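Residues per chain are reported as follows:
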Amino acid sequence: MREVTALSEPSVLTLSELLRTFRTRAGLTQAALAEKAGLSEQAISVLERGTRSRPRMDTISGLSKALDLTPAEADQFLAVARGKGTHPRPPATTSDPAAEAVPTPWQLPPAAPDFTGRAAQIDAILSVLRSPEGAGRPAVAIVTVTGMGGIGKTTLAVQAAHKLADSYPDGNLYLNLRGYGPGPSMTTSDAQRQLLRSLGLASDSIPDDVDEAAALLRSQLAGRRVLLLLDNATDVAQILPLLPGSAGAAAIITSRGSLVNLPGARQIRLDALSESEAVELITGVIGQDRVAAEPEATETLAKYSGRLPLAIRLIGGRLATRPTWPIRHFVDLLEDEGRRLDSLGSDETGVRASIASSVHSLETSDRDLDREAAQALPLLSIPDGADLLTAVVARLLDLPARRTGTILERLVDLSLLESVAPERYRFHDLIRAYARELAEQTLTAAERDEALARVLRFYIAVAWACQAITHPGSPRLPLATIHDDHLPVFRDGEESLRWLDDEQRNLMDRFRQANETSLSGSALIPELALAMFGYHEARRRWNEMSELGEGALVATQHRRLDATTAWLQHDSAIPEAENGDVATAVDRITTALAMFRKIGDLIGEARCCSSLAYLVGLLGRLDEALEYAEEALRLSRLIKDTTLEGVSLTAVGGLYDRSGDYVSADQAFADAVALAEQTGDRRSASKRYINAALSHLRVGRFEDAALTVTESLRISGLLGDLTAQSEAHHLLALAIASLGDYGQARGHVGAGLQLARRRRDAIREGRLYLELARIDAADGKRREAIDNLRRAIAILNATSAVQAADARALLAELESGRPFTYTFTAHSL
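Please read all numbers here as calculations on a predicted model, not as lab measurements.

Asks: Explain helix 30 (residues 602–618) to me, please; I cannot follow it from the model alone.
Replies: One turn of the α-helix equals 3.6 residues, which is why residues spaced by three or four share an orientation. Here helix 30 spans 25 Å end to end across 17 residues, near enough to the 24 Å set by a 1.5 Å rise per residue. In terms of residue burial, helix 30 counts as a mostly covered element, since 12 of its 17 residues are buried. Close packing links the buried residues of helix 30 with helix 27 (562–571), helix 28 (573–578), helix 29 (582–599), helix 31 (622–638) and helix 32 (642–659). Here helix 30 starts with a cap whose side-chain oxygen sits 3.1 Å from the backbone nitrogen of I603, and that cap is D601. Two residues or fewer after helix 30 comes G620, characterised by a positive phi angle close to 90°.

Asks: Looking at this structure, I do not really get the sheet that holds strand 7 (residues 418–421). What am I missing?
Replies: Strand-to-strand pairing in sheets goes through backbone hydrogen bonds, with the strands running parallel or antiparallel. Spatially, three strands are ordered 6-8-7 in an open sheet, and the strand pairing comes out antiparallel. Where the open sheet ends on each side, the last strands, each with one partner, are strand 6 (388–389) and strand 7. Looking at chain direction, strand 7 and strand 8 (residues 424–426) are connected through three bridges and run antiparallel. Residue S419 lies in a different strand from strand 8, and its bridge partner there is Y425. Running at roughly 40° to strand 8, helix 20 (residues 401–413) makes contact with strand 7 and strand 8 of the sheet.

Asks: Where do I start with the packing of aromatic side chains in this structure?
Replies: Given two aromatic rings, one states the distance between the centres and the angle between the planes to describe the pair. Under the counting rule described, the total for this entry stands at six aromatic pairs. Ring geometry for F22 against F77: centres 6.0 Å apart, planes inclined by 90°, an arrangement best described as edge-to-face. Of this pair, F22 sits in helix 1 (residues 15–26) while F77 sits in helix 5 (residues 71–82), and the two are 55 residues apart along the sequence. We note that F22, like F77, is buried. Ring geometry for F458 versus W499: centroids 5.9 Å apart, planes at 75°, classification edge-to-face. With a gap of 41 residues between them, F458 in helix 22 (residues 445–470) and W499 in helix 23 (residues 493–514) connect regions that are remote in the sequence. Classification of F458 as buried rests on a relative accessible area of 1%. Cluster of aromatic residues (ring-pair linked, three or more members): F458, Y459 and W499.

Asks: Whenever I open this one, the nonpolar core confuses me. Can you help?
Replies: In terms of nonpolar packing, the biggest core is built from 124 residues, with I125, L129, I252, L380, L411, W499 and L528 touching the most fellow members. Considering each element in turn, this core owes the most residues, 13 residues, to helix 22. For I252, the residues in contact, after removing those within four places along its chain, are I125, L129, V143, V145, A157, A161, L164, L227, L228, L229 and L230. Of all hydrophobic cores here, the second largest spans 43 residues; its members include L731, I736, A737 and F824.

Asks: Explain the environment of E645 to me, please; I cannot follow it from the model alone.
Replies: In this structure, E645 sits in helix 32. Take E645: its relative accessible area is 15%, and that puts it in the buried class. The spatial distance from the C-alpha of E645 to the C-alpha of E578 is 22 Å, given a sequence separation of 67 residues. Sequence-distant contacts of E645, that is, excluding residues within four places in its chain, are made with L633, S636, R637 and L675.

Asks: What am I meant to see in the packing of helix 23 against helix 26 (residues 542–556) here?
Replies: The axes of two packed helices give the description: the angle between them and the distance between them. Between helix 23 and helix 26, the least distance of the axes is 11 Å, while the angle of their chain directions is 25°. The angle between helix 23 and helix 26 places the two elements in the roughly parallel class. The two elements helix 23 and helix 26 meet at a crossing, and its hand is left-handed. Here Q504, M508, F511 and R512 of helix 23 come into contact with helix 26, specifically with E544, E547, L548 and G551. Here the residues of the contact of helix 23 with helix 26 sort into three nonpolar, two polar and three charged.

Asks: Hey, could you run me through unusual backbone geometry in this one?
Replies: Note on backbone geometry: most residues besides glycine have negative phi, and most peptide bonds are trans. One non-glycine residue, D398, adopts positive backbone phi at about 60°. According to the relative accessible area criterion, D398 is exposed, its value standing at 61%. Positive phi values are uncommon outside glycine, yet R540 reaches one of about 60°. With a relative accessible area of 7%, R540 lands in the buried category.

Asks: Can you walk me through the environment of D776 in this structure?
Replies: With respect to the helices, strands and loops of the structure, D776 is situated in helix 38 (residues 762–778). Counting along the chain gives 650 residues from D776 to L126, while the straight-line C-alpha distance between them is 54 Å. Sequence-distant contacts of D776, that is, excluding residues within four places in its chain, are made with R746, K781, R782, E784, A785 and N788. Here the side chain of D776 touches R746 through a polar contact of 3.0 Å, side chain to side chain.

Asks: Just to check I follow, could you spell out the sheet that holds strand 1 (residues 141–146) for this structure?
Replies: Strand order in the open sheet formed by five strands is 2-3-4-1-5, with parallel pairing between adjacent strands. At either end of the open sheet lies a strand with only one pairing partner, and these are strand 2 (172–176) and strand 5 (266–269). Shown here is a sheet whose adjacent strand axes are inclined to one another by a mean of 15°, direction ignored. The sheet strands contacting helix 7 (residues 153–163) are strand 1, strand 2, strand 3 (227–233) and strand 4 (250–255), and the helix crosses strand 4 at an angle near 165°.

Asks: Explanation requested: the pattern of salt bridges in the structure shown.
Replies: Between side chains of opposite charge, pairing is possible as soon as their charged atoms come close. Summed over all chains, the structure comprises 46 salt bridges. Salt-bridge contacts for D501 lead to R539; the nearest nitrogen and oxygen are separated by 3.0 Å. You can see D501 sitting in helix 23 and its partner R539 sitting in helix 25 (residues 533–539), a full 38 residues away along the chain. In this pair, the class of D501 matches that of R539, namely buried. Several salt bridges share partner residues, and in doing so they unite D387, R424, R426, E503 and R510 into one network.

Conventions used here
Residues numbered from 1 in each chain as written. Predicted model: local features only at pLDDT ≥ 70, side-chain atom pairs only at ≥ 80, totals over all residues. Heavy atoms only, no water. Helix = DSSP H or I, 4+ residues; strand = E, 2+ residues; numbered from the N terminus. Expected span 1.5 Å × (residues − 1). Buried < 20%, exposed > 50% of the residue type's maximum accessible area, 1.4 Å probe, protein only. Contact = heavy atoms within 4.5 Å. Polar contact = N/O pair within 3.5 Å; in protein donor to acceptor, adjacent residues only side chain to side chain. Pairing = 2+ DSSP bridges. Axes fitted to C-alpha atoms, helices over the stretch in contact; angles between N-to-C directions. Phe/Tyr/Trp six-rings, centres within 6.5 Å; stacked < 30°, edge-to-face > 60°. Core = buried A, V, L, I, M, F, W, Y, C linked by side-chain atoms within 4.5 Å. Parallel < 35°, antiparallel > 145°, perpendicular 65-115°, else oblique. Left-handed = near helix turned anticlockwise from the far one by under 90°. Nonpolar A, V, L, I, M, F, W, Y, C, P; charged D, E, K, R; others polar. Salt bridge = Lys/Arg side-chain N within 4 Å of Asp/Glu carboxyl O.

Set out below in structure tokens:
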């Protein structure tokens, strides 16, 4: 070692300090020294931490050779290792930085004593940053933890860093980069100076140039096993000059912004806590006794907190300082979304301030995209619904789809939105609440309503496009007034139906929202209901058809929309008929018939007559039904509507079946199918086979019903129509069970159930469970039958009151112990 000036008060040099000094001078990491000396990396780490002060002689000999010590240095090293004599600590000189005494920083904040959950994320961090024994790393190990403000990034990072203390014996550095407030973010230069001072450098020795300081920082970290925790970073540009340059040191970085372009980093994105984790965290803050006394209120509290750790701690802190408050009282305060943020901290540590700091960073950015994203945020919060589809948002913002997608992705980068699937985004509840505050502050009520109207117009245009594909002959299509030149491109009807499947929940939420605004009396509501007919009929969404139709009929009362009103009146009967209330359906269509006759609409008249022929026949009024059927047939031929002619022939066939004239019935059904086949309308052909099978079932022609519905199953399979396939399996089960083959019937029920679940057809699913219960009961499987009836009731209670009542009646019968014999009944349909 070079000659150095003695300290005025020499202190005793320890083995760990001497070994670190020699290793640093040699420019070796612990892993490199271990390999060169034939030792394990753990052995080097233990010696440098000072937890082993009497190593074996062969270890000292191996280290002396690996470190290339002079004879005098080897003697000194051996003497200190054996604990003999006092050897002064050599002070560093300005001419030999490598020989300086190395400070050991331990800067981590304390770990949270009530840290909850996040086990998978902790394991992921440890798997990257905790090397296996004896294994060296080829490069610096880096983990990034990103997510919205208050999601618990820092708490997680600190927790993981404490668990890694043994892997980084040269210490740890912590730096809050203040990327998202409060106040301005830390400059890279200031961050470098703070890190270098923490490593023992004097301020006047640190260069002002960022690149020079970065090089100095990498030099100081070289060969040291140090863990850096860079908290609350702004972006990659801020942190790159702060990172180590060689293996041995590592970094955990937290940020609200995306850091995906940081080379070689393991990316961890935090979501909200699970419900159980949120409750556990609340318990840790306010105590088990209070939670046990009000478990349901605690779960609701976790929900209103958005399962956000910051919000939970703020809520818990208030409750902890108010021991006499019931949890339910705080729940009541949070129920009002408009006041929720007020209850989650009002200063710079609160949830509102946390979200506001992210928005402020966009508003004050030099980038046009950032400012556009900030302006878009209030508008994005306006529509109700679970998520936001890019195509819908493009209409909401009145921007091209590509620019809209860029804005949405920028908001994701800042953790103000979550990307839940390609082209689909979601707000965290508390961010939506903040964004709605902004909307109320910056937009008038009229502007907010117009934004929602743009969304509804887009849905209407898509629904008309869907109906044009699935029901090309629909008499409703000429009533369309809303079109869009930038709709999604649908290859076929099934693709258009799937698009509406995915948006159905959002659409209904936004329809209900519109009914609470100035849009409730607008022409948008009835046109939406009319446009959605094709989807509702194809997917058998009778509850949604009913709800939209009721709201639409109210809106048409204030407008002269005679044809629209008549069609909505006609369509309002369909859910009633499908759910078993035939009498109400007859009344509604009779009213619609009068409306169509008043305005001279022959197409509407013919449709009403066809529908009445079917429904009145179900009520047993066969002569009246036949009159309606013949009138429908006459009108359809008069207006040359082959689709309606086929529907009317199907109705006539059903009536002939009911009167016992099976030959005439089969001829009418065959003619109806032939009309569909002549025009290439396979969907109508499938539907007419279904209707013929239904007619055969009602009159006990079970074998004929099975043959007929098999044709429908074949065609619907070619079309990929899962809804029609599910219905066909249902009817096959009815026919085959009526013939006594319960095993085969049960198989068709199972196939129908699988398809109904895929299509989210709750009514069909409930009815199939009811049918399965009847089959099980007849087959001697009473316990299974009762279980299936309870499943049916749980579903049908929310979808069909009439069939739910049938299921409850059968349940009572089976629980009474009375024997059950399978017979076909009309309510099975």
